[in-house]
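Per-entry structural report
Given next are the chains, with one letter for each unit.
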Amino acid sequence: GDSEYAMIAGDTLPDTHPYNLGLNKMGDLIKEKTNGAVTLDVFGNSQLGSERDLIEGLQIGSVQVTCISTAPLAGFTDMFLVFDLPFIFETTEQARAVMDSEVGEQILHSVDEQGLVGLAWFENGFRQVTNNVRPIEKPEDLKGIKIRTMESPIHMASFSVMGADPTPMAMGELFTALQQGTLDAQENPLAIIDTNKFYEIQKYLSMTSHFYAPAPLFVSTDYFNTMDEESQEILKESAKEAAAYERQCLDDMNKELQGTLADDGMVVNEVDKAPFKEAVQSVYDEYTGTNAGQVNPDI
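Quick caveat: nothing in here was measured; it's all calculated off a predicted structure.

Rules and cut-offs
Residues numbered from 1 in each chain as written. Predicted model: local features only at pLDDT ≥ 70, side-chain atom pairs only at ≥ 80, totals over all residues. Heavy atoms only, no water. Pairing = 2+ DSSP bridges. Helix = DSSP H or I, 4+ residues; strand = E, 2+ residues; numbered from the N terminus. Right-handed = clockwise from strand over helix to strand, strands pointing away. Axes fitted to C-alpha atoms, helices over the stretch in contact; angles between N-to-C directions. 1 Å grid on protein atoms, 1.4 Å probe; cavity = no way out; pocket = protein on both sides within 12 Å on 5 of 7 lines; lining within 4 Å. Points joined across faces, edges and corners; volume = space filled by probe spheres on them. Nonpolar A, V, L, I, M, F, W, Y, C, P; charged D, E, K, R; others polar. Core = buried A, V, L, I, M, F, W, Y, C linked by side-chain atoms within 4.5 Å. Buried < 20%, exposed > 50% of the residue type's maximum accessible area, 1.4 Å probe, protein only. Contact = heavy atoms within 4.5 Å. Polar contact = N/O pair within 3.5 Å; in protein donor to acceptor, adjacent residues only side chain to side chain. Phe/Tyr/Trp six-rings, centres within 6.5 Å; stacked < 30°, edge-to-face > 60°.

Before going further, it helps to examine the pairing of strand 2 (residues 38-43). Summarising the sheet, strand 1 (residues 5-10) and strand 2 pair through 6 bridges and their orientation is parallel. In the sheet register, Ala6 faces strand 2, and the bridge partner there is Thr39. Handedness of the crossover joining strand 1 and strand 2 through helix 1 (residues 18-33) is recorded here as right-handed.

Have a look at this one:
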């Protein structure tokens, strides 16, 4: 095309998910603010690979922008690990206040030197458990349940201590594994459960809100450094505006989704989080500290 900077964005979620609505919004804003000199083409649904592939893509230059979960960043820095801890946030407002604070900025920019410039915090939201065995009403209900988790030692430990059998797997393979019964369960925010149509293959939805999932938005450091200052500023500004829009899309969806998913045949139950919080205390003991792979107590 005629654009000076033609960027490609990739993520692993369906086109109808707020990640993609936000990335497309960002593309519109950039194009408008630069009169078409900077463009962003968005490829969702794991078309450009898994989250790990996308991070590598930013480092080698095949992809310019991505929005991912924080778990795959553990190999780069321990700063993002804090978000892997179970029940660390009570509410969305509290989580957003942290992301938008000085410490949130610090975490977002902790990988700038490693090929990923943090632009803004998108959001995925609180993660809920779905499965085909029984409603999860107390931690013991997870005993023996084969559940897909992200590749996060803290996520896996959290489910292990409650008696589940956690199996990490890329998002692109999950639907088939659940459909074939290789796995009983998965955990994700409502927007993912809905946009990935997990209601077609999972019976029970338990509102555990066990992990909160922020979604850092990155641009490739090398690519960012080739851009003129004005384009860089427009990119940063557009990312922040798109993040506000993305969060709004998520809020709108979340208002409707419990009802929608119940209408789609899922059996939905609320849970008392107190026994769950108690059940995962040992995870805090093991993963808080100053060693590699631990969450620094200061954070």
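Now that the structure is up, let's keep going.
Below, the discussion takes up the sheet that holds strand 5 (residues 128-131). Strand order in this open sheet of 6 strands is 7-6-8-5-9-11, and the pairing throughout is mixed. Only two strands of the sheet have a single partner each, and these edge strands are strand 7 (165-168) and strand 11 (267-270). When the angles between neighbouring strand axes are averaged without regard to direction, this sheet yields 25°. For strand 5 and strand 9 (residues 204-207), the ladder comprises 3 bridges, and the chain directions are antiparallel. Pairing of Asn131 across the sheet is with Tyr204, part of strand 9.

This part takes up empty space enclosed by the protein. Over the atoms a probe the size of a water molecule is rolled, and this reveals where empty space is left. All told, the structure shown has 1 cavity of 30 Å³ or more when counted by the stated rule. The space that makes up the largest cavity amounts to roughly 50 Å³. Around the largest cavity sit Ser69, Thr70, Ala71, Phe83, Asp84, Arg127, Met150, His155, Phe211, Tyr212, Ala213 and Pro214, which together line it. Taken together, the residues of the lining of the largest cavity break down into 7 nonpolar, 3 polar and 2 charged.

The volume enclosed by the largest pocket comes to roughly 370 Å³. Lining the largest pocket are 23 residues; nearest its centre among them are Glu51, Arg148, Met169, Ala170 and Met171. Within the residue set of the lining of the largest pocket, elements represented by two or more residues are helix 2 (51-60) and helix 6 (171-179). Each residue belonging to the lining of the largest pocket can be placed in one class, and the counts come to 10 nonpolar, 8 polar and 5 charged.

The next point concerns the nonpolar core. Formed by 46 residues in total, the largest nonpolar core has its most connected members in Met7, Met26, Val65, Leu217 and Leu235. The element that contributes the greatest number of residues to this core is helix 9 (residues 229-263), accounting for 8 residues. Setting aside residues up to four positions removed in sequence, Val65 forms contacts with Met7, Ile8, Ala9, Gly10, Leu23, Met26, Leu40, Leu58, Leu217, Phe218 and Val219. Counting 42 residues, the second-largest nonpolar core is a separate cluster that includes Val63, Leu73, Ile136 and Ile154.

Turning our attention to the environment of Glu90. Tracing the backbone through its elements, the reader meets Glu90 in the loop between strand 3 (65-67) and helix 3 (92-99). When the C-alpha atoms of Glu90 and Ser209 are compared, they prove to be 8.7 Å apart, with 119 residues separating the residues in sequence. Excluding its chain neighbours within four sequence positions, the residues that come into contact with Glu90 are Phe126 and Lys277. Among the polar contacts listed, one links the side chain of Glu90 to the side chain of Lys277, at a separation of 2.7 Å.

On to the environment of Tyr5, then. Locating Tyr5 in the fold gives a position in strand 1. Each C-alpha atom, one on Tyr5 and one on Glu140, is 53 Å from the other, the two residues being 135 residues apart in sequence. Leave out the neighbours within four places in its chain, and Tyr5 touches Ala37, Val38, Thr39, Tyr223, Thr226, Met227, Asp228 and Ser231. At 3.4 Å, the side chain of Tyr5 forms a polar contact with the backbone oxygen of Thr226.

Time to look at the packing of aromatic side chains. By the definition in use, this model includes 9 aromatic pairs. For the ring pair Phe89 and Tyr212, a centre distance of 5.4 Å and an interplane angle of 85° mean the geometry is edge-to-face. Taken together, the positions of Phe89 in the loop between strand 3 and helix 3 and Tyr212 in strand 10 (residues 212-220) put the pair 123 residues apart, joining distant regions of the chain. Considered together, Phe89 and Tyr212 belong to a single accessibility category, that of buried residues. With a centroid separation of 6.3 Å and an interplanar angle of 25°, the aromatic rings of Phe175 and Phe198 are classed as stacked. One end of the pair, Phe175, is in helix 6; the other, Phe198, is in the loop between helix 7 (190-195) and strand 9, and 23 residues separate them in sequence. Its relative accessible area of 24% is what places Phe175 among the partly exposed residues.

Strand order in the open sheet made by the 5 strands is 2-1-3-10-4, with mixed pairing throughout. The open sheet terminates on both sides in strands that have one partner only, identified here as strand 2 and strand 4 (116-126). Adjacent strand axes in the sheet meet at a mean angle of 20°, parallel and antiparallel pairs treated alike. Both strand 1 and strand 3 contribute to a ladder of 2 bridges, which runs parallel. Bridging across to strand 3, Gly10 finds its partner in Thr66. Where helix 2 meets the sheet, it contacts strand 1, strand 3, strand 4 and strand 10, and its direction lies at approximately 150° from that of strand 3. In this fold helix 9 packs onto strand 1, strand 2, strand 4 and strand 10, with an angle of close to 5° to the strand it touches most, strand 4.

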